[in-house]
Amino acid sequence: MEQVPSTGRLVQITVTEGYDLKGFKGDTPVTFIRAEFNQVVLGDSAKITVSPEGSAKYNFTSSFEFKPEGGITLDDLAHKPVFLTVTEVLPKEKKQKEEKTLILGQAVVDLLPLLEGQSSFQTTVPLHPVQGSPLETPRSSAKQCSLEVKVLVAEPLLTTAQISGGNLLKVTLEAAYSVPESFIPTGPGQNYMVGLQVPSLGEKDYPILFKNGTLKLGGEREPVPRPKKWPIANILAPGANNIPDAFIVGGPYEEEEGELNRPEDTEFRNQAECIKKRIIWDLESRCYLDPSAVVTDEEGQLSFHGVAYVNMVPLLYPGVKRIRGAFRVYPYLDSVVHEKTKCLLSLFRDIGHHLIHNNKIGGINSLLSKQAVSKNLKEDKPVKEKDIDGRPRPGDVQAPSIKSQSSDTPLEGEPPLSHNPEGQQYVEAGTYIVLEIQLDKALVPKRMPEELARRVKEMIPPRPPLTRRRGGAQKAMSDYHTEIKNISRAVLDEYYRMFGKQVAKLESDMDSETLEEQKCQLSYELNCSGKYFAFKEQLKHAVVKIVREKYLKTTSFESQEELQTFISELYMFLVDQMHVALNQTMPDDVQGTTATIFTSSEQLRLFAFEAEVNENFEMAAAYYKERLVREPQNLDHWLDYGAFCLLTEDNIKAQECFRKALSLNQSHIHSLLLCGVLAVLLENYEEAEIFFEDATRLEPTNVVAWTLLGLYYEIQNNDIRMEMAFHEASKQLQAQMLQAQVTKQKSAGVVEDIEEREKRESSLGPWGITNGSATAIKVEAPAGPGAALSILDKFLEESCKLQSDSQEPILTTQTWDPSINQKPSNTFIKEIPTKKEASKCQDSSAFLHPGLHYGVSQTTTIFMETIRFLMKVKAVQYVHRVLAHELLCPQGGPSCEYYLVLAQTHILKKDFAKAEEYLQQAAQMDYLNPNVWGLKGHLYFLSGNHSEAKACYEQTISFVVDASEMHFIFLRLGLIYLEEKEYEKAKKTYMQACKRSPSCLTWLGLGIACYRLEELTEAEDALSEANALNSHNAEVWAYLALVCLKVGRQLEAEQAYKYMIKLKLKDEALLAEIHTLQETVSFGNPSF
């Protein structure tokens, strides 16, 4: 901590009053207070007689000089309290020369508020009784046995800059569990100690020492919460050992930062902390102790020297102020310690020996059988290499070093491990220590939630729902209908004025000739009187609004032909709308209402999906836009359209859609994540970090959000934060899996003990749920836009060889070429096929839906969870980086689902040979997986091998469990049946598809099958359903024309044929079949 460069300052401690006091010789004893600080007596108060009520007014002031240079320092104030000892003065007996005194109790005053910037504070501290003191039996008064204390300095000890820039380190040593059996509680006096060194700005590291550990036999778990204790000896009152308002609270093992936090370690830790021997300290030390505190008065030989390694990197995570965990103890070996920590000195052996030879305080007090647990903590820069045996990495911090001492042992060298059996006993016993390191302020500040929300609002301001305008297409249509109704009333009035009497006289006997004559007279009258011109002018404004608002025509036409085409279209529309308005005004009771089929939003989404698969991107975009027009405030519609734009590589439009969705709801997690993904793809890295961080803030349990944040940090080469994000994602995934298992068991009526169940379950490492060691992974992506997929293939081949030769986890090797300076975005692969128009589904070379979900396996990883999310939103450009992590992750690696995703990415590239190779690998791993057979069927269908595709599809639908996406399996299998003229099978297949997810294509296939089976009524019904869902499908009109020709309905046949020609049917064989049947029945083609 930064020292104050100033002269000494006086710190005054004033005890004003004591409460609930009593003595050995009565309730009104004579007492005084002695103040001590830093093992120095500050003074004694006057002797005060306690009142009958138990109070005493001392008004006693003592002081000491705070002098950073060469005296009492800030660290002394941090970890050393002021002790106030209350002593009773006994009455003198006869012939007694000196007064006798007995200590009643002791109070502790923590001076930490002075380091927080306060210049004075007042507190009431409890007075803890010593053993046998009458204060152990409190009075019945309301006041607790306590002292009223005031602490004062003339000015704050720290400036504002020092308070904001400084920090306070607290280290709590709880216990060492599962210590060797050679540790026995009987025999010569023993002192168990742990030491560590705190890195400082100078050349020298400052040691902290925890002494006087208590060896306990097994039998019960240590209680929680329990108070933390001062690391100071010779405290008289047992209760004064406890630090005020500081407790050890424990917590779930999986939330710790140490080494024994996996589910398979639970049983061992439960046994170690309940049954086996342990050494208890429960001490908290703040900042560091003086070097002189490391040694005591007697030199001896160290034995049982061990070391543990504490990974301090989590303290560099944003916002992290505390780490706590269990850390294994290993034999202390100079070479290993230096390799991992670059530390050359042992705290007990070398530093203690140096102090002894410089005539300072002697060595550690120990006998031959003594064991001393020490700890040497040294921070070093992280190294990217990973230790494959599961031990802490070189970037970790060196921790407990365990030895005991006896005399006359040379210190110049280290014996080999075979000659160090004492240290090896820690490994055999499985010894570990539980340690907590806490900072007053995080080393790396974390963005505040308010700042993240503000930054998101600055980038994407929230957009409230737009107020409905008075104008627009809907208002134009309404005005037109109103004018039509007004004009119709005016025309009727004129008609009744001219022919009212005649109509009343003839009533129903009026013939058509009379009506025609009346019509001509009415038209003549309207034209001669100018009313017809007035009606046109009255309607003109409404028509102009329709042209502008409905057809968006505001500029002149480029050619006369274009003008005539538009006028014809407008005229047809206006006539139709006129009939709508007239029917509303004068409904025809005889005319039946025409049933309209309203397509829901989900149906439109399905139709768009079909168009995507058929590579009819124009039609797919039309369906997505129709959903947006219907519900512009539905953010799911914007996300779906944005995902479609991602699929077609229109990243700019995709970004607009995702940001529009986020503006509708700035707390929507998927919108934030997708905005972050697009920001990475477009190399807007600062914005990407804001989006990902805000997502983790809003939903801290979201596995995908933490994983995407870690992938972003990997792109930025920020290893520490990458590890932090992946670790948090792993922790959340583990919690979700355990919760899902508990919920499943409860629903089944079987609730087992969690600890017993975890023994049979696979474990969760840092990036997945499986057995094995926890190893951090950093993937160096290869340079070049086409390299990621090929490098995956190489990794896959190498990993198969490695796994066949060794059981060790697969580690990444960096493929970095210093001569190539590629931007991180170059690692993303763009593999969307070229857009092609396709008039019908059977002719399209379709790709699979990127949202295809292959089912959740019992073993999953954070990377596979992220892959599922990215494939669902069609972010294929981002998937390859995550696939590389999944391949190299010890808990992931090649799996059936991994091969399925990889095969799908190759299908998107039209690399069918490579896709088939990966599907073979997937089939070998899970032969009965319906998704494997379904994807193989799609592969063969796209490559033109319909016989193999048929076999795969039939195998898929034969499984009891359906594949993740059955819609296109039924569509394509039905198409193959139609090609092979197996019409009954085709009919059954399409009927299944219609029951599951009806669409134009499913009803069309059913209609074709029924037509070929000469079931014309069923064929017409199915084709009518298809036409109602999509009236722009030329093939539907073609088969409707065939059905009408077959049943002899000339008018309907001609209408269907005209629409088919208008929509440009491209199936020449079907067109020839229609022409042949028209010639046979001699109607159906108006051009004859």
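Residues numbered from 1 in each chain as written. Predicted model: local features only at pLDDT ≥ 70, side-chain atom pairs only at ≥ 80, totals over all residues. Heavy atoms only, no water.

For the protein, the name recorded in an unreviewed UniProt entry is Cilia and flagella associated protein 70, with Mandrillus leucophaeus as its organism.

Q: Just checking my understanding: could you explain the overall build of the protein for this structure?
A: Secondary structure assignment for the protein yields 35 helices and 26 strands. When contacts within the protein are restricted to residue pairs at least 6 apart in sequence, those whose partners lie at least 24 apart make up 72%. Counting only carbon and sulfur atoms, one obtains 51% of the accessible surface of the protein, whose full area is about 52,400 Å². (Helix = DSSP H or I, 4+ residues; strand = E, 2+ residues; numbered from the N terminus. Contact = heavy atoms within 4.5 Å. Areas by Shrake-Rupley, 256 points an atom, 1.4 Å probe, with all protein chains shown as cover.)

Q: Where do I start with the nonpolar core in this structure?
A: The tendency in soluble globular proteins is for nonpolar side chains to be buried side by side. Judged by nonpolar contacts, the single largest core of 183 residues is most densely connected at Leu708 and Tyr878. The element best represented in this core is helix α33 (residues 1034-1047), accounting for 11 residues. Membership of the second largest hydrophobic core comes to 39 residues, among which are Val11, Ala56, Phe66 and Leu135. (Core = buried A, V, L, I, M, F, W, Y, C linked by side-chain atoms within 4.5 Å. Buried < 20%, exposed > 50% of the residue type's maximum accessible area, 1.4 Å probe, protein only.)

Q: How should I be thinking about the side chain of Arg286 in this particular structure?
A: Here Arg286 lies in strand β16 (residues 278-286). Polar side-chain contacts of Arg286 include one of 2.9 Å to the backbone oxygen of Ala78. Within the local environment of Arg286, its side chain forms a polar contact with the side chain of Asp110, the two groups lying 2.9 Å apart. Once residues lying within four places of it in the same chain are set aside, the contact partners of Arg286 are Ala78, His79, Asp110, Leu112, Leu168, Leu169, Lys170, Trp230 and Ile243. (Polar contact = N/O pair within 3.5 Å; in protein donor to acceptor, adjacent residues only side chain to side chain.)

Q: Quick question: what am I supposed to make of helix α15 (residues 635-647) here?
A: The periodicity of an α-helix, 3.6 residues per turn, causes residues three or four positions apart to be oriented the same way. With 13 residues, α15 ought to run about 18 Å at 1.5 Å a step, and its terminal C-alpha atoms sit 18 Å apart, in line with that. For α15, the tally of buried residues reaches 12 of 13 residues, placing the bulk of the element in the interior. For α15, the full list of buried residues reads Leu635, His637, Trp638, Leu639, Asp640, Tyr641, Gly642, Ala643, Phe644, Cys645, Leu646 and Leu647. Elements that come into contact with the buried residues of α15 comprise α13 (601-613), α14 (617-630), α16 (651-664), α17 (669-681) and α24 (876-888). (Expected span 1.5 Å × (residues − 1).)

Q: Help me understand the packing of helix α27 (residues 930-942) against helix α28 (residues 946-958), please; the structure alone is not making it clear to me.
A: A pair of packed helices is characterised by two quantities: the angle between their axes and the separation of those axes. Packing of α27 against α28 leaves a shortest axis separation of 8 Å and a crossing angle of 160°. Here α27 is positioned roughly antiparallel relative to α28, judged by the angle of their axes. Viewed along their axes, α27 and α28 form a crossing whose handedness is left-handed. Between α27, through Pro930, Trp933, Gly934, Lys936, Gly937, His938, Tyr940 and Phe941, and α28, the contact on the second element is made entirely by His946, Glu948, Ala949, Cys952, Tyr953, Gln955 and Thr956. Class assignment for the residues of the contact of α27 with α28 results in 7 nonpolar, 6 polar and 2 charged. (Axes fitted to C-alpha atoms, helices over the stretch in contact; angles between N-to-C directions. Parallel < 35°, antiparallel > 145°, perpendicular 65-115°, else oblique. Left-handed = near helix turned anticlockwise from the far one by under 90°. Nonpolar A, V, L, I, M, F, W, Y, C, P; charged D, E, K, R; others polar.)

Q: Can you help me understand the pattern of salt bridges in this one?
A: If you walk through the whole model with that rule in mind, you get 50 salt bridges. Where Glu687 meets Arg659, a salt bridge forms, and the shortest distance between an N and an O atom there is 2.4 Å. Taken together, the residues span a long stretch of sequence, with Glu687 in helix α18 (residues 685-698) and Arg659 in helix α16 at a distance of 28 residues. Judged by relative accessible area, which is 25%, Glu687 ranks as partly exposed. Exposure remark for Arg659: the relative accessible area of 18% places this residue in the buried category. Overlapping salt bridges, with partners in common, bring together Asp110, Lys228, Glu284, Arg286, Arg322 and Glu436 in one network. (Salt bridge = Lys/Arg side-chain N within 4 Å of Asp/Glu carboxyl O.)

Q: Mind showing me how you'd approach the confidence of the model for the protein here?
A: Mean pLDDT over the protein works out to 77, with 77% of the residues at or above the 70 mark. Counting interchain partners and residues more than four positions distant, the pLDDT-below-50 stretch residues 288-299 has 46 contacts. Confidence drops under pLDDT 50 across residues 588-596; counting only partners more than four residues distant or on other chains, this segment forms 1 contact. (pLDDT = per-residue confidence, 0-100.)

Q: Looking at this structure, I do not really get the pairing of strand β13 (residues 206-216). What am I missing?
A: Working note: regular strand, side chains alternate between the two faces of the sheet. Sheet topology note: the strand β12 (residues 192-198)/β13 ladder contains 6 bridges and is antiparallel. Following the sheet pairing, Gly195 is matched in β13 by Leu209. Note that β13 and β16 share 3 bridges and pair antiparallel. Across the sheet, residue Lys216 finds its bridge partner in β16, namely Arg278. (Pairing = 2+ DSSP bridges.)

Q: Can you help me understand the sheet that holds strand β5 (residues 56-66) in this one?
A: By definition, the strands of a sheet pair up through backbone hydrogen bonds, in either a parallel or an antiparallel sense. A sheet is described by the order of its strands in space; here 4 strands give the open sequence β5-β1-β10-β8, paired in antiparallel fashion. Every other strand in the sheet has two partners, leaving β5 and β8 (120-126) as the edge strands with one partner each. Adjacent strand axes in the sheet meet at a mean angle of 20°, parallel and antiparallel pairs treated alike. In the sheet, β8 pairs with strand β10 (residues 146-153) via 7 bridges, with the strands oriented antiparallel. In the strand pairing of β10, Val125 is matched with Leu147.

Q: Please explain the packing of α18 against helix α19 (residues 703-715) as it appears in this structure.
A: Taken N-terminus to C-terminus, the directions of α18 and α19 make an angle of 155°; their axes are 9 Å apart at the nearest point. Taken together, α18 and α19 sit at an angle that is classed as roughly antiparallel. In this structure, α18 crosses over α19, and the sense of that crossing is left-handed. Listed contacts from α19 to Tyr685, Glu686, Ala688, Glu689, Phe692, Glu693, Ala695 and Thr696 of α18 are Ala705, Trp706, Leu708, Leu709, Tyr712, Tyr713 and Ile715.

Q: In this structure, what is going on with the UniProt feature "repeat: TPR" (unreviewed entry) in the protein? I would like to understand it.
A: The feature "repeat: TPR" (unreviewed entry), as given by UniProt, occupies residues 669-702 and 967-1000 in the numbering adopted here. The span residues 669-702 shows a helical share of 79% and a strand share of 0%, and its end C-alpha atoms are spaced 9 Å apart. Helix makes up 82% of residues 967-1000 and strand 0%, with an end-to-end C-alpha separation of 12 Å. (UniProt positions renumbered as here; feature names shortened; annotations may be inferred.)

Q: Is there a simple way to explain the environment of Thr186 in this structure?
A: Note that Thr186 resides in the loop between β11 (169-177) and β12. With a relative accessible area of 53%, Thr186 lands in the exposed category. With 29 residues separating them along the chain, Thr186 and Leu215 place their C-alpha atoms 9.9 Å apart.

Q: I would appreciate a short explanation of the environment of Asn486 in the present structure.
A: Structurally, Asn486 can be placed in helix α9 (residues 473-506). Residue Asn486 is classed as partly exposed on the basis of its relative accessible area of 33%. Along the chain, Asn486 and Leu539 lie 53 residues apart, while their C-alpha atoms are 9.8 Å from each other.

Q: Would you explain the pairing of strand β6 (residues 82-89) in this entry?
A: By the criterion of burial, β6 is predominantly enclosed, with 8 of the 8 residues buried. Side chains of β6 alternate between two faces, with Val82, Leu84, Val86 and Glu88 and Phe83, Thr85, Thr87 and Val89 buried alike. Two elements, strand β2 (residues 30-37) and β6, share 8 bridges in a ladder whose sense is antiparallel. Residue pairing across strands places Thr31 opposite Glu88, the latter belonging to β6. Of the strand pairs in this sheet, β6 and strand β7 (residues 101-109) are connected by 8 bridges, and their pairing is antiparallel. Opposite Thr85, over in β7, you have Gln106 as the bridge partner.

Q: Help me understand helix α25 (residues 896-908), please; the structure alone is not making it clear to me.
A: Compared with an ideal rise of 1.5 Å per residue, which puts 13 residues at 18 Å, α25 spans 19 Å between its outermost C-alpha atoms and is within 8% of the ideal. Of all 13 residues in α25, 13 are buried; the element is thus mostly enclosed. Backbone geometry just downstream of α25 places Lys910 in the positive-phi region, at approximately 65°.

Q: Quick question: what am I supposed to make of the packing of aromatic side chains here?
A: Within a pair of aromatic rings, the relevant descriptors are the distance that separates the centres and the angle that separates the planes. Taken as a whole and assessed by the stated rule, the structure comprises 25 aromatic pairs. On the numbers, 5.6 Å between centres and 35° between planes, the contact of Tyr177 with Tyr432 is tilted. Taken as a pair, Tyr177 in strand β11 and Tyr432 in strand β24 (residues 432-439) lie far apart in primary sequence, 255 residues in all. Per residue, the accessibility class of Tyr177 equals that of Tyr432, and both read buried. Ring centres of Trp1037 and Tyr1059 lie 4.7 Å apart, and the angle between their planes is 20°; on these two criteria the pair is classed as stacked. A residue pair is termed long-range when its members are at least 10 positions apart, and Trp1037 in helix α33 and Tyr1059 in helix α34 (residues 1050-1062) qualify at 22 residues. These aromatic residues form a ring-pair network of at least three members: Tyr551, Phe557, Phe566 and Phe573. It is Lys340 that lies over the ring of Tyr309; its NZ or CZ is 5.6 Å from the centre. Across the ring face of Trp933, the terminal group of Lys936 is positioned such that the distance to the ring centre comes to 4.8 Å. (Phe/Tyr/Trp six-rings, centres within 6.5 Å; stacked < 30°, edge-to-face > 60°. Lys NZ or Arg CZ within 6 Å of the ring centre and 35° of its normal.)

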